[in-house]
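So the chains spell out like this:
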Amino acid sequence: MIATVPLEHGLILAAALFALGLTGVLVRRNIVFMLMSVEIMLNSVGLAFIVAGARWGQVDGQVMFVFILTMAAAEVSVGLALVILLYHRFKTLDADAASIMKG
Amino acid sequence: MNLLFYLSAVVALITTLLVITRTNAVHALLYLIVSLLAVALIFFSLGAPFVAALEVIIYAGAIMVLFIFVIMMLNLGGRAAKQECLWLRPGIWKGPALLCGIMAAELIYFFLSGHARISAGGVVQPKEIGIALFGPYALGVELASMLLLSGLVGAYHLGRPEKQ
């Protein structure tokens, strides 16, 4: 009925997904891919919350996931607006194009 | 149910690895959607059906549609038509279709095995989440609404037409 996997396996899965997302942020230079990797990381953190909440049968893990979902939605809307701005200004999606600050 | 968890975990890891190694953004998005669906199935197997539904509707639905909008907007130009032809090749759908098929089989197995109507015991019902959200976490809900408002204002500010 309900999966009875050990807590460690769920947390290892969340850590592996987080590591993959972090690798994506570090390796890719295309800013759309970097945003996608950030989404993977946020999702893996939510997975860790759900696994821990399921372990103790509490509702708080799922409440936290709802908050993470809200945060991800706000983050991605601003992030994609920045992507469009970057593309209009530099005509490229390369994050290194915007490596010099003004001032 | 443990099999469902581990199979979905393997699918999630494979698709996430494919997301960060693709060069075409739309291919990566396709795999990212499959990855999110796999994570939703993991939530389902862990007794969190409400959050699984939220994952599919908001993550795989709304947020990924935003990504697709932006990618489609930025791909305007001479290369777009050629790229459309490339995307319409049937070959590129094989990977996501296979991985989605695994998850569809899991879901069918789940419903046919007679456990679809879970009464109690570990499953957190949406009602409990609502009570917790608007009870002890009411302040968090208010802060989340402020965050969404600031995200809206920020996206509007960044997207406004530049003055000449």
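Scroll up to find the structure.
Residues numbered from 1 in each chain as written. Chains lettered and ligands numbered in written order. Predicted model: local features only at pLDDT ≥ 70, side-chain atom pairs only at ≥ 80, totals over all residues. Heavy atoms only, no water.

Undergrad: Tell me about the overall build of chain A, and please be specific about residues and values.
TA: Along the backbone of chain A there are 3 helices and 0 strands. Listing every helix and strand of chain A by position from the N terminus yields α-α-α. Rg of the C-alpha trace for chain A: 17 Å, well past the compact-globule value of 13 Å for 103 residues, more than 25% over. On the principal axes, the C-alpha backbone points of chain A span a range of 55 × 25 × 25 Å. Expressed as a percentage of the 103 residues in chain A, the buried residues total 48%. Long-range pairs, those at least 24 residues apart, make up 55% of the contacts in chain A between residues at least 6 apart in sequence. On chain A, roughly 4900 Å² of surface is accessible, and the fraction owed to carbon and sulfur atoms is 69%. Taken together, the 6 basic and 6 acidic charged side chains of chain A have centroids lying 12 Å from each other. (Helix = DSSP H or I, 4+ residues; strand = E, 2+ residues; numbered from the N terminus. Rg over C-alpha atoms; globule rule 2.2 N^0.38 Å. Buried < 20%, exposed > 50% of the residue type's maximum accessible area, 1.4 Å probe, protein only. Contact = heavy atoms within 4.5 Å. Areas by Shrake-Rupley, 256 points an atom, 1.4 Å probe, with all protein chains shown as cover. Lys, Arg positive; Asp, Glu negative; His and termini not counted. Charge placed at Lys NZ, Arg CZ, Asp CG, Glu CD.)

Undergrad: Requested: an account of the overall build of chain B, with residues and values cited.
TA: Counting secondary structure elements, chain B contains 7 helices and 0 strands. Reading chain B from its N terminus to its C terminus gives the helix and strand order α-α-α-α-α-α-α. Counting every position in chain B, which comprises 164 residues, the buried fraction comes to 38%. Within the structure as shown, chain B displays about 9300 Å² of accessible surface, and the carbon and sulfur contribution to it stands at 74%.

Undergrad: I'd love a proper account of the side chain of Thr15 of chain B, names of residues and values included.
TA: Residue and element names in this part refer to chain B. Assignment of secondary structure puts Thr15 in helix α1 (residues 2-19). Among the polar contacts made by the side chain of Thr15, one reaches the main-chain carbonyl oxygen of Ala12 at a distance of 3.0 Å. Sequence-distant contacts of Thr15, that is, excluding residues within four places in its chain, are made with Tyr31, Val34, Ser35 and Leu99. (Polar contact = N/O pair within 3.5 Å; in protein donor to acceptor, adjacent residues only side chain to side chain.)

Undergrad: Provide a residue-level description of the interface of chain A and chain B, including the pertinent values.
TA: Taken together, the 56 residues of chain A in the interface contact 58 residues of chain B. Summing the contributions of chain A and of chain B, the shared interface buries around 5100 Å²; its carbon and sulfur component is 80%. Connecting chain A to chain B are 0 salt bridges. Counting across the chain A and chain B interface gives 5 residue pairs in polar contact (both at pLDDT 80 or more). Put simply, the parts of the chain that give the side of chain A that touches chain B at least two residues each are α1 (7-27), α2 (31-56) and α3 (60-90) of chain A. The element that contributes the greatest number of residues to the side of chain A that touches chain B is α3 of chain A, accounting for 24 residues. Of the residues in the side of chain A that touches chain B, the class split is 40 nonpolar, 12 polar and 4 charged. (Buried area = accessible area lost by both parts, 1.4 Å probe. Salt bridge = Lys/Arg side-chain N within 4 Å of Asp/Glu carboxyl O. Nonpolar A, V, L, I, M, F, W, Y, C, P; charged D, E, K, R; others polar.)

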